[in-house]
Amino acid sequence: MGVLEMYSGIFHNHLATAIVGTLFLFLTIGYLGLPYWLWTVLVSGVLLGFGAPIVIIGVYVAISLFFIIKPLRQVTLSVGVMKLFKALNFIPQISETERTALEAGVVWAEAELFSGKPDFKKLMSQPNPQLTPEEQAFIDGPVEQLCQMIDSWKIYRSRKIPDNIMQFIKDKKFLGMIIPKEYGGLGFSNLLHSDVIQKISTRSITASITVMVPNSLGPAELLVHYGTEEQKKKWLPRLADGREMPCFGLTEPQAGSDAGSIVSTGVLFKGDDGKIYVKINWRKRWITLASISSVIGLAFKLRDPENLLGRGEDLGITCALIPSNTKGVVLGKRHDPLTIPFYNCPTEGNDVIVEAAEAIIGGLDNAGKGWGMLMESLGAGRGISLPAQSTGGVKLLTLLASAHSTVRKQFGLSIGKFEGVEEPLARIAGKSYFVEAMRRYTLSALDQGIKPPVVTAMAKYNTTEWYRQAVNDGMDILGGAAISMGPRNAIAEGYIAAPISITVEGANILTRTLMIFGQGALRAHPYAFKEVYALENNDLKAFDRAFWGHIGHISRNLFRAKVLSWTRGWIIFGHGDSVTRRYYQKLAWVSAYFAIMADIAMGILGGKLKFKEKLTGRYADVLSWMYTATAVLHRYESEGKRKEDAAFVHYSMQMAFHNIQKAFEGILANFEGPFIVRWLFRGPVLWFASLNKMGVEPDDELTHEISKLIQEDSEQRQRLTQGIFIPKEKTEALGRYENAFKTIKQSEDIEKKMRKAVRSKILPKKRSKDLIELALEKGVITAEEHKIIKLSEELRWDTIQVDEFTEDEFINATRVRAALEDREVRLDASPETTPMPKEEEEEVQSVH
Ligand SMILES: Cc1cc2nc3c(=O)[nH]c(=O)nc-3n(C[C@H](O)[C@H](O)[C@H](O)COP(=O)(O)OP(=O)(O)OC[C@H]3O[C@@H](n4cnc5c(N)ncnc54)[C@H](O)[C@@H]3O)c2cc1C
């Protein structure tokens, strides 16, 4: 009997048809997430169809009514579940500081990804922020000028930003970008703020940090959002034009990541004049700009032993502004942050007394509300400065590594032609597409006034990690040229500084393992936080709504995840074009799978999940890469679906799904819970997941295409690296590389001509130093081409040189002294260009 006949035989059997039909119906209803009452009707119908006794159907319907009729459900089922949850301590204990952090900010795109059924129309319709003409003029004017003025090697070597540059920064109000115009600031958007940091950081990390800090979490940001009108008028205009230099002190020796545990204390007391004062003692460290600050934004725990404010003794963390010249403030020492010479300092305060209403940001009403203020501001800030710095860094590396890969020849070939170099080069160039996508998509939320802390944590964590990976790849590609420090080296400062951005504004390990999923699971989950709230408040009605909503959510996602997994997402229609359609399908599949896996982990591990950081870290990776994929799709759509970017979109999306697959395999292979659960997830579920992969790493063909594209002198290469500072001077590190790269690119066709002439025996095969001259003589190349090829070889020679120092220059004593006295010194070690020595010409030519 043939297979077809066999099947038709089976389907002629009514029972088999009915069973298959019923299963199909249930899967469809489950996948669509239809309400429970419809399930009851259908199940009853099916039972009836299969001839079940009426009594059984009646019992089934009666039981279902307990789930369907809400008041009945509350008093019979929900009340018991609530008691059980409490008895089992099933819901995580949330401390006051955690609660404030959780409540700060709102949810945005991550809630869609968490839902299991993302609304792609909503995700893609988020605006693509644009600069105003005034903001563009600021980038093209003062920012460009500042970058031209900066000599990063001089700053690095002299360990100081020259006074004229500091003054320019203040005069042009770089320190007041976020301060509204009515208070004398520039009142610019988050996009502009990010673009400025991106550009400056590709010139000097020291300068970018100096500009970044006053515009991030600190006095200005806190005053704008929480200050009294009087405080705003007093401080903001002076902060905007640099008459005041701010810093912000939160971190203490005992309180790093666990910033809520600070011990600095302020005590309220009544002065003889009847006013309320606060006496503060602190010991802070790692405070950026502190020793040159004129005002310290300070976080401390406020006590009111005399109950002057009538709110009890312990008021909690409070933020105040302390003029640096107040009696008792100790400043002046510095830390040395990996030799990057921005000001980073310890500070102490010994019995510092200030008037409370004047000093506390927002006045006495805000006494004790500092933690909430900090969490809100920090949450948003994470999405701006560090992602901007990292994006600028990845773009700079894209230019530099691709130029070096072309300019540098070994074994007779540009090293970018070797597969081994193609691999890291593609990793850097591929990142330049998705790091920018994430930067801009996150800014889309912030410029709409939405401050989603989970999204900004993902932006901070991922962009800084990507920069760290890219700079390591860049170092490998540039080899010795990256290691020899000096004015010719445009990569070393970024390499040295990479761990700084990993550590600050929420160190990365903690951000990944505790914040992204830990906060996300409660904050972005449609029901989890509501359940916690309802339980804590003993609110039966709210608990009933949240708990049964959650059960419905789980069953919907279970069906959705199964159906999308079995069909590999192919049943999702209507999104994307030929480049992106498949990725929308996969993203829908991943989201459903993630939602159900998150619920399973929360359901099985409950409050213990918070401490299973190896698991939560992997969940965070899935969420991060889903967010990256969304940002990439948004970039592609909002830039008009450029077909020439297809390779970069494919690379980014394949990277995302590969990493998601890796994270899920890690989750399954290490799943915790009772024996049967562990066996199920670590065994059959993992086995199926590793067969039915969501994605694999970009293949060699794609990485070859990417690395080839980025080694072309094209409009696309410019576009991918837009927004960074490229010196026009051909004697500056990056300017020199770009100039050589462009000239060598022009000469490649000429070289081809010469190779063809060698093959046709017009030119001799033997490599000779006169080959170029001979080519000209024999008319193989024109005089103009001869000029280009000679020039390109000279530039190649000049570009591969590294800095050299005499013993005195190396020890640098005289130069440092001169710089400290602010005398003009030449700190560039090598002459501006290095001419090709005669005897070297032969070697260079021999590669033809
Ligand atoms: C150059 C520089 C500039 C700075 N500028 C300022 C400033 O201007 N103002 C200011 O107030 N502070 C500033 N800081 C402090 C900065 O915010 C802290 O360094 C940061 O909060 C981390 O604290 P820590 O270094 O003590 O690390 P720790 O808290 O000791 O953490 C060490 C490691 O353990 C991890 N870790 C800690 N707890 C957990 C956990 N529960 N789960 C998982 N991992 C965990 C962290 O991720 C980190 O990797 C600066 C720091 C530096 C280095």
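Heads up: the structure comes first, above all this text.
Residues numbered from 1 in each chain as written. Predicted model: local features only at pLDDT ≥ 70, side-chain atom pairs only at ≥ 80, totals over all residues. Heavy atoms only, no water.

Engineer: Is there a simple way to explain the overall build of the protein chain in this structure?
Structural biologist: Secondary structure summary: the protein chain contains 37 helices and 9 strands in total. The C-alpha atoms of the protein chain give a radius of gyration of 32 Å, which matches the 29 Å a tight globule of 848 residues would have. For the protein chain, the spread of C-alpha atoms along the principal axes amounts to about 105 × 100 × 45 Å. Out of the 848 residues belonging to the protein chain, those deemed buried represent 55%. Counting only contacts in the protein chain whose residues sit at least 6 apart along the sequence, the fraction spanning at least 24 positions is 77%. A total accessible area of about 36,900 Å² is found for the protein chain, and carbon and sulfur atoms account for 58% of it. In the protein chain, 101 side chains carry a positive charge and 97 a negative one; their mean positions are 4 Å apart. (Helix = DSSP H or I, 4+ residues; strand = E, 2+ residues; numbered from the N terminus. Rg over C-alpha atoms; globule rule 2.2 N^0.38 Å. Buried < 20%, exposed > 50% of the residue type's maximum accessible area, 1.4 Å probe, protein only. Contact = heavy atoms within 4.5 Å. Areas by Shrake-Rupley, 256 points an atom, 1.4 Å probe, with all protein chains shown as cover. Lys, Arg positive; Asp, Glu negative; His and termini not counted. Charge placed at Lys NZ, Arg CZ, Asp CG, Glu CD.)

Engineer: Help me out: how do you make sense of the packing of aromatic side chains in this one?
Structural biologist: Under the defined criterion, the tally for this structure stands at 31 aromatic pairs. Ring geometry for Tyr36 versus Phe67: centroids 5.9 Å apart, planes at 65°, classification edge-to-face. Highlighted residues: Tyr36 in helix 3 (residues 36–49) and Phe67 in helix 4 (residues 54–68), separated in sequence by 31 residues. Look at Trp108 and Tyr441: their rings are 4.8 Å apart centre to centre, the planes differ by 40°, and that puts the pair in the tilted class. With Trp108 in the loop between helix 6 (96–103) and helix 7 (109–115) and Tyr441 in helix 19 (residues 419–447), this pair connects stretches of sequence that are 333 residues apart. (Phe/Tyr/Trp six-rings, centres within 6.5 Å; stacked < 30°, edge-to-face > 60°.)

Engineer: I'm lost on the site of the ligand in this one. Help?
Structural biologist: Taken together, 20 residues form the shell around the ligand, and within it Phe248, Leu250, Thr251, Ser257 and Trp286 come nearest. Contact distances for the ligand include 3.1 Å between an oxygen atom and a backbone N or O atom of Leu510. Glu613 places a polar side-chain atom, nitrogen or oxygen, 2.9 Å from a nitrogen atom of the ligand. In isolation the ligand has 970 Å² of accessible area, and contact with the protein removes 68% of it. Elements represented by at least two residues in the shell around the ligand include exactly strand 1 (246–249), strand 3 (276–288), helix 22 (492–503) and helix 23 (508–523). Looking at the shell around the ligand element by element, the count peaks at 4 residues for helix 23. In terms of residue class, the shell around the ligand is built from 11 nonpolar, 8 polar and 1 charged. (Near = heavy atom within 4 Å. Polar contact = N/O pair within 3.5 Å; in protein donor to acceptor, adjacent residues only side chain to side chain. Nonpolar A, V, L, I, M, F, W, Y, C, P; charged D, E, K, R; others polar.)

Engineer: Looking at this model, I keep getting lost on unusual backbone geometry. Mind explaining?
Structural biologist: With glycine set apart, most residues show a phi of negative sign, and most peptide bonds adopt trans. Even without glycine at this site, Asp351 takes up a positive phi of about 50°. Positionally, Asp351 belongs in strand 7 (residues 344–355). Even without a glycine there, the phi angle at Lys761 is positive, about 65°. For Lys761, the location among the structural elements is in the loop between helix 32 (733–759) and helix 33 (771–777). Residue Lys761 is classed as exposed on the basis of its relative accessible area of 73%.

Engineer: So what exactly am I meant to see when it comes to helix 30 (residues 700–710) here?
Structural biologist: One full turn of an α-helix is made of 3.6 residues, so residues set three or four places apart face in the same direction. For helix 30, the complete set of buried residues consists of Leu702, Thr703, Ile706, Ser707 and Ile710. The buried residues of helix 30 occupy an angular sector of 130° when projected down its axis, which confines them to one face. Looking at helix 30, the residues exposed on the side facing more than 90 degrees away from the buried face are Asp700 and Glu701. In this structure, the buried residues of helix 30 make contact with helix 18 (385–407), helix 19, helix 28 (646–669), helix 31 (715–720) and helix 32. (Arc of directions from axis to C-beta.)

Engineer: Looking at this model, I keep getting lost on the environment of Met653. Mind explaining?
Structural biologist: For Met653, the position within the fold is in helix 28. When its relative accessible area of 0% is taken as the criterion, Met653 is described as buried. In this structure, the C-alpha to C-alpha distance between Met653 and Pro698, residues 45 residues apart in sequence, is 8.9 Å. The contacts of Met653, once residues within four sequence positions are left out, are Tyr583, Ala629, Val632 and Leu633.

Engineer: Hey, could you run me through a nonpolar patch on the surface in this one?
Structural biologist: On the surface, a cluster of nonpolar side chains totalling about 380 Å² of accessible area is made up of Leu15, Ile19, Leu23 and Phe50. Considering the arrangement of structural elements, one finds Leu23 in helix 2 (residues 14–32). The exposure class assigned to Leu23 is exposed, which follows from its relative accessible area of 53%. (Patch = residues over 30% accessible without salt bridge, like charges linked within 9 Å, V, L, I, M, F, W, Y side chains within 5 Å. Salt bridge = Lys/Arg side-chain N within 4 Å of Asp/Glu carboxyl O.)

Engineer: Would you mind showing me how to read the packing of helix 26 (residues 581–605) against helix 27 (residues 613–638) here?
Structural biologist: The description of two packed helices rests on the angle between their axes and on the distance between the axes. Look at helix 26 against helix 27: their axes get within 11 Å of each other, and the N-to-C directions meet at 155°. It follows that helix 26 is roughly antiparallel to helix 27 by the angle criterion. Remark: the crossing between helix 26 and helix 27 carries left-handed chirality. Along the contact surface, helix 26 presents Tyr583, Tyr584, Leu587, Val590, Ser591, Phe594, Met597, Ala598, Ala601 and Leu605, while helix 27 presents Leu615, Tyr619, Val622, Leu623, Met626, Ala629, Thr630, Leu633 and Glu637. Residue composition of the contact of helix 26 with helix 27, grouped by class: 16 nonpolar, 2 polar and 1 charged. (Axes fitted to C-alpha atoms, helices over the stretch in contact; angles between N-to-C directions. Parallel < 35°, antiparallel > 145°, perpendicular 65-115°, else oblique. Left-handed = near helix turned anticlockwise from the far one by under 90°.)

Engineer: What is the right way to look at the pairing of strand 7 in this model?
Structural biologist: A regular strand places its side chains on the two faces of the sheet in alternate fashion. Pairing analysis gives 9 bridges linking strand 3 to strand 7, with the strands arranged antiparallel. Opposite Ile280, over in strand 7, you have Val352 as the bridge partner. Note: strand 6 (residues 329–330) against strand 7, 2 bridges, orientation antiparallel. Each bridged residue has a counterpart across the sheet, and for Val330 the counterpart in strand 7 is Glu348. (Pairing = 2+ DSSP bridges.)

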